[in-house]
Amino acid sequence: MSRFSTASGREGVSPATKLGDTTLAPVLRAHAFTSGLTDPQVDALAALATQVTFEENQVVLECGERSTSFYLLVEGSVAVELRTPRYAVCVQALGPGQVFGWSAFLDDTDTVFQVRSRERSAALRLDGAALNAAFHTDSQLGVEILRRTLQVVAGRVKATELRFAEMCGVKA
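Residues numbered from 1 in each chain as written. Predicted model: local features only at pLDDT ≥ 70, side-chain atom pairs only at ≥ 80, totals over all residues. Heavy atoms only, no water.

## What about the overall build of the protein?
This is how it is decided: Counting from the N terminus, the helices are the DSSP runs of H or I reaching at least four residues and the strands are the DSSP runs of E reaching at least two. Only protein chains enter the calculation, and the probe is 1.4 Å; a residue is then buried if its accessible area is under 20% of its type maximum, exposed if over 50%, and partly exposed in between. Throughout, a residue-residue contact means that at least one pair of heavy atoms, one from each residue, lies within 4.5 Å. Reported accessibility uses the Shrake-Rupley method at a 1.4 Å probe radius. Residues are deemed covered only where the shown protein chains occlude them.
What the protein contains, in helices and strands, is four helices and nine strands. Moving toward the C terminus, one meets the helices and strands of the protein in the order β-α-α-β-β-β-β-β-β-β-β-α-α. Per-residue burial over the protein gives 47% buried out of 172 residues. Counting contacts in the protein only where the partners sit at least 6 residues apart, residues at least 24 apart contribute 78% of the total. Carbon together with sulfur atoms contributes 54% to the accessible area of the protein, which is approximately 8,900 Å² in total.

Given below as C-alpha cells:
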C-alpha cells in the first residue's frame, strides 16, 4: 500500500496530498540520493518537493519532450527505456532510493529516455527551475546534487552500453 494518497494531477502524474515540509524532510533524509545532506539542505529540498504517484504502466517522462521535474523514487519501480516509433528497450529498472529526470537540470534539453512505471509507485517530484534557483542560493547544495546526478548519468550510460552489448551478443 502506498504511503501517499492520490488526487488528480497534470503531466500524467498524480500529486498526493501535501503533508507539509516537516513530513517530507524525513523521507528525503532516508532516501539514498539525498542521504548525508545537511539539515538545512534537506529542508530546502523538502520545501520544493511534492509527493506524486504513478499507476502501473503509466508513462512518466516521454523521450524527446522537455523535462521539467526531477524525481526521487520512494516506492515501487520504473523502467528507463530507449524508445523509437517501432520498439522500446528497457535500459534500466529503478526502485526506491533511485532517481530519474536529470534532464530537468539542463536548459533547453529534451528528455533522453522514456520512463514508465512498472507498478503503482510513489516519488517526490522537484521542479527543475525551482531546484536550479535553490542551487544559486546554496552553491554547496548545487554542487552536491549535481555531483550525485552526474553519477546517475554515468550509470545510465553504462546501463545503455551493457544493454546494447547484450542485444549484439557481446558478453560483458
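There is more to say after this.
## Quick word on the environment of L150
Residue position: L150 is located in helix α4 (residues 139-167). In the structure, L150 is positioned 48 residues away from W102 in sequence and 8.8 Å away in space, judged by C-alpha atoms.

## Things to note about the packing of aromatic side chains
The description of an aromatic ring pair uses the distance of the two centres, along with the angle that the planes make with each other. Quick note on the threshold: Paired rings are identified among Phe, Tyr and Trp, the last through its six-membered ring, by centres lying within 6.5 Å, and are further divided according to the angle between planes into stacked (under 30 degrees), edge-to-face (over 60) and tilted (the rest).
In total, this model carries six aromatic pairs according to the counting rule given. Ring geometry for F54 versus F100: centroids 6.3 Å apart, planes at 55°, classification tilted. One end of the pair, F54, is in strand β2 (residues 49-54); the other, F100, is in strand β7 (residues 99-100), with 46 residues separating them in the sequence. When sorted by exposure, F54 lands in the same class as F100, which is buried. A connected cluster of aromatic rings, assembled from ring pairs, spans F33, F70, F105 and F135.

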